[in-house]
Amino acid sequence: DAIPADQLDTELYHAEQALSSKLRKLNILRLGGIFGSNRIPGKHFSGKICNVGRQPANYIHVHDICNILLTLYKREIQGEVFNAVSPEHPLKAVIINAMVAKYGFPPPTAFEDTGEQTKIISSERLIERLNYTFLYKSPTDY
């Protein structure tokens, strides 16, 4: 059965703790929304109403995910937890408009604000610990 959205963070945390206690060398990457290749931010809202445009983005490009995994492997880093999202967090409407201009798909019909608040996730610990430089610092560059 699906876990209700309001319980998901707690369940994920407990799953991380259970895995970490049994697999001490396990690295956990908490990934943001994954984009890159054929996955283009905002394309889902093409010709539709976008109700998340006023939310900051916690996205990551697939090329950065691959490079982070390679960095963890090469440096033999084990048993740590990292948030992995691009370091810049523009509003999703800004990203969508940039992708419309870059890729030429039809824009959303409207941006509506649901009032839902989202938090900004930081990759600062990952950047410092791995001395990692993101290929895509902002989702507007995808």
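An account of the accompanying structure is given in this report.

Rules behind the numbers
Residues numbered from 1 in each chain as written. Predicted model: local features only at pLDDT ≥ 70, side-chain atom pairs only at ≥ 80, totals over all residues. Heavy atoms only, no water. Helix = DSSP H or I, 4+ residues; strand = E, 2+ residues; numbered from the N terminus. Buried < 20%, exposed > 50% of the residue type's maximum accessible area, 1.4 Å probe, protein only. Contact = heavy atoms within 4.5 Å. Areas by Shrake-Rupley, 256 points an atom, 1.4 Å probe, with all protein chains shown as cover. Expected span 1.5 Å × (residues − 1). Arc of directions from axis to C-beta. Core = buried A, V, L, I, M, F, W, Y, C linked by side-chain atoms within 4.5 Å. Salt bridge = Lys/Arg side-chain N within 4 Å of Asp/Glu carboxyl O. Phe/Tyr/Trp six-rings, centres within 6.5 Å; stacked < 30°, edge-to-face > 60°. Lys NZ or Arg CZ within 6 Å of the ring centre and 35° of its normal.

## Some details on the overall build of the protein
Inference 1: A tally of regular secondary structure across the protein gives four helices and six strands.
Inference 2: Along its sequence from the N terminus, the protein presents helices and strands in the succession α-β-β-β-β-α-β-α-β-α.
Inference 3: Split into buried and exposed, the 142 residues of the protein put 35% on the buried side.
Inference 4: At a minimum sequence separation of 6, the contacts of the protein that also span at least 24 residues come to 88%.
Inference 5: Here the protein displays about 9,000 Å² of accessible surface, and carbon together with sulfur accounts for 53% of that area.

## Examining helix α2 (residues 62–74)
Inference 1: Along its 13 residues, α2 runs 18 Å from first to last C-alpha, staying within 8% of the 18 Å computed at 1.5 Å per residue.
Inference 2: Three or more residues of α2 are buried, namely D64, I65, I68, T71 and L72. For α2, the arc enclosing every buried residue in end-on projection is 125 degrees, short of the 170-degree limit, so these residues lie on one face. Facing away from the buried side of α2 by over 90 degrees, the exposed positions are Y73 and K74.
Inference 3: In the segment just after α2, E76 is the residue with positive phi, at about 55 degrees.

## Some words on the nonpolar core
Inference 1: Counting residues in each nonpolar core, the largest one holds 14 residues, and the members touching the most others are Y59, M99 and Y142.
Inference 2: The dominant element in this core, judged by the number of residues it contributes, is helix α3 (residues 92–103), at four residues.
Inference 3: Membership of the second largest hydrophobic core comes to eleven residues, among which are I60, I65, I68 and Y132.

## Things to note about the pattern of salt bridges
Pairing between side chains of opposite charge can happen when the charged atoms of each approach one another.
Inference 1: Throughout the structure, instances matching the rule amount to two salt bridges.
Inference 2: A salt bridge links E80 to R125, with the nearest nitrogen and oxygen atoms 2.7 Å apart. One end of the pair, E80, is in the loop between α2 and β5 (81–84); the other, R125, is in helix α4 (residues 124–130), and 45 residues separate them in sequence.
Inference 3: Overall, the relative accessible area of 12% leaves E80 in the buried class.
Inference 4: For R129, the salt bridge goes to E80, with nearest N and O atoms at 2.7 Å. Remark: E80 occurs in the loop between α2 and β5 and R129 occurs in helix α4; sequence separation between them is 49 residues.
Inference 5: Under the relative-accessibility criterion, R129 is labelled partly exposed at 41%.
Inference 6: Linked through salt bridges whose partners overlap, the residues forming this network are E80, R125 and R129.

## Let's talk about the environment of G53
Inference 1: Among the secondary structure elements, G53 is positioned in the loop between β3 (49–50) and β4 (59–61).
Inference 2: Using a relative accessible area of 3% as the deciding quantity, one classes G53 as buried.
Inference 3: It is 7.0 Å that separates the C-alpha atoms of G53 and D113, two residues lying 60 residues apart in sequence.
Inference 4: Not counting residues within four places of it along the chain, the set of residues in contact with G53 comprises L91, K92, A93 and F111.

## So, the packing of aromatic side chains
Inference 1: Taken as a whole and judged by the stated rule, the model has three aromatic pairs.
Inference 2: A centroid spacing of 5.0 Å and a plane angle of 85 degrees characterise the contact between Y132 and F134, whose relative ring orientation is edge-to-face. A single burial state applies to Y132 and to F134, both of which are buried.
Inference 3: Lying over the aromatic face of F35, R39 brings its terminal NZ or CZ to 5.9 Å of the ring centre.

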